[in-house]
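This is what each chain is made of:
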Amino acid sequence: MTGVQPCALPICRLDALAVTLRDLIAEAYDVNDQWIVGTSIWMETERYNIRATAGRPVTRSEFRAMLQNTLADRFSLMIHHEPMHMKAYALVVDKGGPKLTPRDEALPRVPTPAGQSIIEFADSIPALLRLINSGRLTQQPIGLPVVDRTGLAGQYHMLLRTETEPTPDGRGYKIDIDYFSAFRELGLRLDPIEES
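My aim in this report is to walk through the structure given alongside it, one point at a time. (Residues numbered from 1 in each chain as written. Predicted model: local features only at pLDDT ≥ 70, side-chain atom pairs only at ≥ 80, totals over all residues. Heavy atoms only, no water.)

Thoughts on the overall build of the protein
No. 1: Across its full length, the protein carries five helices and 10 strands.
No. 2: The buried share among the 196 residues of the protein stands at 37%.
No. 3: For the protein, the accessible area works out to roughly 11,600 Å², and carbon and sulfur atoms hold 52% of it. (Helix = DSSP H or I, 4+ residues; strand = E, 2+ residues; numbered from the N terminus. Buried < 20%, exposed > 50% of the residue type's maximum accessible area, 1.4 Å probe, protein only. Areas by Shrake-Rupley, 256 points an atom, 1.4 Å probe, with all protein chains shown as cover.)

The following block contains the structure:
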């Protein structure tokens, strides 16, 4: 899968496939891609494959610090933080509680009606949100950044129901996710907020 894919905690390696420098910055500083400003066009178009192994298992915060140092060393990256007000969505636990299956437990199969498919994502909620915020999950982006306010740690099976239809050239399928409905099926919901 395209994207930054550190292994489960404790982190021991980084597999970043076909990623842009913006992708790496978002991962290193734990920010939504939409909140990165002042980059050059090549940072959004040039893609890299990076495979790196840590000398020892590290925590996610140690991993991010190592990635920050690598970006500063290899790309002479300099950043500064600036307060901004942006509209966003907060992903929160819905009233009935989460309906998530831990990653290490068996996941029952879900029937899929015609014209639909299921995207199964087995990772942490922040990892899923990074993929959604990157716009790489579907052709139809959610429109605003999504921040994690669930308070749920760990890794889970997360099934996202999608609408699929053949592309006009017949060579693939268009995938569309109603994120509001998909998250409700997981016992979560999206609330509009203004983030700074």
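Things to note about the packing of helix α1 (residues 21-29) against helix α3 (residues 60-75)
No. 1: Look at α1 against α3: their axes get within 8 Å of each other, and the N-to-C directions meet at 140°. By the angle between their directions, the pair α1 and α3 is classed as oblique. Remark: the crossing between α1 and α3 carries left-handed chirality. Contact residues: Leu21, Leu24, Ile25, Glu27, Ala28 and Tyr29 in α1; Arg60, Phe63, Arg64, Leu67, Gln68, Leu71 and Phe75 in α3.
No. 2: Counted by class, the contact of α1 with α3 contains nine nonpolar, one polar and three charged residues. (Axes fitted to C-alpha atoms, helices over the stretch in contact; angles between N-to-C directions. Parallel < 35°, antiparallel > 145°, perpendicular 65-115°, else oblique. Left-handed = near helix turned anticlockwise from the far one by under 90°. Contact = heavy atoms within 4.5 Å. Nonpolar A, V, L, I, M, F, W, Y, C, P; charged D, E, K, R; others polar.)

Regarding the side chain of Thr20
No. 1: If you trace the backbone, Thr20 turns up in the loop between β2 (11-19) and α1.
No. 2: Ignoring anything within four residues of it in the chain, the contact list for Thr20 reads Met43, Glu44, Thr45, Glu46 and Arg47.

Looking at unusual backbone geometry
Trans is the common state for peptide bonds, and a negative phi is the common state for residues other than glycine.
No. 1: If you check the backbone angles, Ser76 has positive phi at about 50° while not being a glycine.
No. 2: Structurally, the position occupied by Ser76 is in the loop between α3 and β4 (86-93).
No. 3: Exposure remark for Ser76: the relative accessible area of 58% places this residue in the exposed category.

Overview of the pattern of salt bridges
No. 1: The tally for this structure, following the rule as stated, stands at six salt bridges.
No. 2: Between Asp191 and Arg189 there is a salt bridge, and its shortest N-O distance comes to 2.9 Å.
No. 3: You can call Asp191 partly exposed: its relative accessible area is 23%.
No. 4: Here Arg189 falls in the partly exposed class, since its relative accessible area comes to 28%. (Salt bridge = Lys/Arg side-chain N within 4 Å of Asp/Glu carboxyl O.)

Observations concerning a negative patch on the surface
No. 1: Among the surface-exposed residues, Glu163, Glu165, Asp176 and Asp178 lie close enough to one another that they form a single negatively charged patch.
No. 2: Mapped onto the elements, Glu165 comes out in strand β8 (residues 156-166). (Patch = residues over 30% accessible without salt bridge, like charges linked within 9 Å, V, L, I, M, F, W, Y side chains within 5 Å. Lys, Arg positive; Asp, Glu negative; His and termini not counted. Charge placed at Lys NZ, Arg CZ, Asp CG, Glu CD.)

Some thoughts on the packing of aromatic side chains
No. 1: Tallying each qualifying case throughout the model produces four aromatic pairs.
No. 2: Judged by centre distance (5.7 Å) and plane angle (75°), the ring pair of Tyr48 and Phe75 falls under edge-to-face. Of the two residues, Tyr48 is situated in strand β3 (residues 48-58) and Phe75 in helix α3; the sequence distance between them amounts to 27 residues.
No. 3: Take Phe75: its relative accessible area is 29%, and that puts it in the partly exposed class.
No. 4: Taking the centre distance of 5.3 Å and the plane angle of 90° together, the rings of Tyr89 and Phe180 count as edge-to-face. Taken as a pair, Tyr89 in strand β4 and Phe180 in helix α5 (residues 179-185) lie far apart in primary sequence, 91 residues in all.
No. 5: Among the residues examined, Tyr89 registers a relative accessible area of 14% and is labelled buried. (Phe/Tyr/Trp six-rings, centres within 6.5 Å; stacked < 30°, edge-to-face > 60°.)

A closer look at the environment of Gln116
No. 1: Mapping Gln116 onto the fold places it in strand β6 (residues 116-123).
No. 2: Along the backbone, Gln116 and Thr162 are 46 residues apart, and their C-alpha atoms lie at a distance of 5.5 Å.
No. 3: Dropping the residues within four chain positions of it, Gln116 is found in contact with Arg161, Thr162, Glu163 and Thr164.

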